[in-house]
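# What the coordinates show
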Amino acid sequence: MKIIRCADELRRELKAQAGKSVGLVPTMGFLHAGHISLVNASRENTDLTVVSVFVNPTQFGPNEDFDSYPRDEARDAELLRAAGADIMFVPTVSEMYPEGNSTDIVLTSGIKTKLCAKTRPTHFDGVTNVVARLLCLVKPDKAFFGRKDAQQLAIITRLTRDMLIGTQIVGCPIVRERDGLAMSSRNTYLSESERASALSISRSIKKAAENIEKGKALASVRDGVSAEISASGGRVDYVEIVDPGTLEEIDDGGMGFSGDYLLAVAAYFGKTRLIDNIARIDGKCI
């Protein structure tokens with residue numbers, strides 16, 4: 001595996017590999033099994049896998065955890081070598097945002113105002129800009145994103161459509177710990193008791209999906225998820241049931257719902273904000 005830090009060097013390396021299909025896995029590092037599942041998906045579907053490791057400052061708001069976000073480049077490199085990644089791209093901030101940068105992509109769709117954006121209003125503009133830069137630089141055939149951040153996946157899918165970017169965006173399954181907690185770099189922030197409380201998210205959304213299948217009213221389902229998380233000691237940011245593509249709230253009129261949906265949750269345990277979701281896409285629960 002080659003470790004590359006310079007955009008020009010990455011371009012030269014990719015040019016030397018011309019003719020191979022390229023997969024991109026964008027990450028912020030401190031890798032876990034969820035990230036490695038994306039690497040595996042890329043290796044199974046493309047000839048050359050590029051993994052970016054970059055803690056993007058533009059997607060962190062004021063008083064968020066940019067400075068304290070966990071970083072361990074040596075550990076990340078070891079995991080990526082073992083997983084069979086071909087290139088680990090580790091740019092600096094100045095490499096991704098050159099001095100005098102005056103070009104930004106601003107989302108205009110209402111999709112960026114939903115879910116997490118209600119309390120993190122600048123977050124997805126930052127995500128869009130860094131992913132657009134990576135897609136322009138690497139020009140991958142496919143880019144792989146986890147479904148845990150469903151809003152990010154929906155926005156990046158829209159970005160590639162709107163900007164006529166030819167990359168296929170591939171959503172990959174959420175990877176969970178044995179006890180059901182969705183894998184996240186932020187799980188390291190949790191105390192033992194907070195981590196135990198956080199299991200209420202996966203428990204409640206699994207139960208919610210079962211209740212939706214039984215035809216229960218969506219408002220009742222949402223209330224049940226909120227109540228279980230709150231009873232465990234969590235502080236709910238949001239619980240919403242929305243259209244998987246537009247993220248518009250689904251109104252079932254209290255009669256239950258049989259179509260595709262995304263049930264998305266964000267909650268705090270101590271100071272740590274976690275997200276998770278469960279969905280029915282094309283009639284299949286994922």
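Preceding block: the structure.
From a predicted model like this one, the values you see are computed outputs, not experimental measurements. (Residues numbered from 1 in each chain as written. Predicted model: local features only at pLDDT ≥ 70, side-chain atom pairs only at ≥ 80, totals over all residues. Heavy atoms only, no water.)

### Some remarks on the pairing of strand 5 (residues 142–146)
- Across two bridges, strand 2 (residues 22–27) lies against strand 5 in parallel orientation. What sits directly across from Leu 24, in strand 5, is Ala 143.
- Relative to strand 6 (residues 168–172), strand 5 is paired through five bridges, and the arrangement is parallel. Within strand 6, the residue paired with Gly 146 across the bridge is Cys 172. (Pairing = 2+ DSSP bridges. Helix = DSSP H or I, 4+ residues; strand = E, 2+ residues; numbered from the N terminus.)

### Remarks on helix 6 (residues 150–162)
- Across its 13 residues, helix 6 extends 18 Å between first and last C-alpha, which sits within 8% of the 18 Å expected from 1.5 Å per residue.
- Every buried residue belonging to helix 6 is among Ala 150, Gln 151, Gln 152, Leu 153, Ala 154, Ile 155, Ile 156, Leu 159 and Thr 160, and all of these are buried.
- Positive phi shows up at Leu 164, right after helix 6, with a value of about 55 degrees. (Expected span 1.5 Å × (residues − 1). Buried < 20%, exposed > 50% of the residue type's maximum accessible area, 1.4 Å probe, protein only.)

### Details of the side chain of Arg 273
- One can find Arg 273 in strand 9 (residues 272–281).
- A polar contact is formed between the side chain of Arg 273 and the side chain of Asp 237, at a distance of 3.0 Å.
- Arg 273 has contacts with Cys 116, Thr 119, Arg 120, Arg 186, Asp 237, Tyr 238, Ala 266, Ala 267 and Tyr 268, leaving out every residue within four places of it along the chain. (Polar contact = N/O pair within 3.5 Å; in protein donor to acceptor, adjacent residues only side chain to side chain. Contact = heavy atoms within 4.5 Å.)

### Section: the layout of surface pockets
- Estimates place the volume of the largest pocket at around 1,100 Å³.
- Lining the largest pocket are 48 residues, with Met 28, Tyr 69, Lys 148, Asp 149 and Arg 186 sitting closest to its centre.
- Sort the elements by how many residues they give to the lining of the largest pocket and helix 5 (residues 123–138) lands first, with six residues.
- Here the residues of the lining of the largest pocket are counted per class, giving 23 nonpolar, 16 polar and nine charged.
- Put simply, the second largest pocket is a space of about 500 Å³.
- What lines the second largest pocket is a set of 22 residues, among which Arg 147, Leu 262, Asn 277, Ala 279 and Ile 286 lie closest to the centre.
- At the level of elements, helix 6, helix 7 (192–213) and strand 9 are the ones that each hand at least two residues to the lining of the second largest pocket.
- Of the residues belonging to the lining of the second largest pocket, the class tally is twelve nonpolar, five polar and five charged. (1 Å grid on protein atoms, 1.4 Å probe; cavity = no way out; pocket = protein on both sides within 12 Å on 5 of 7 lines; lining within 4 Å. Points joined across faces, edges and corners; volume = space filled by probe spheres on them. Nonpolar A, V, L, I, M, F, W, Y, C, P; charged D, E, K, R; others polar.)

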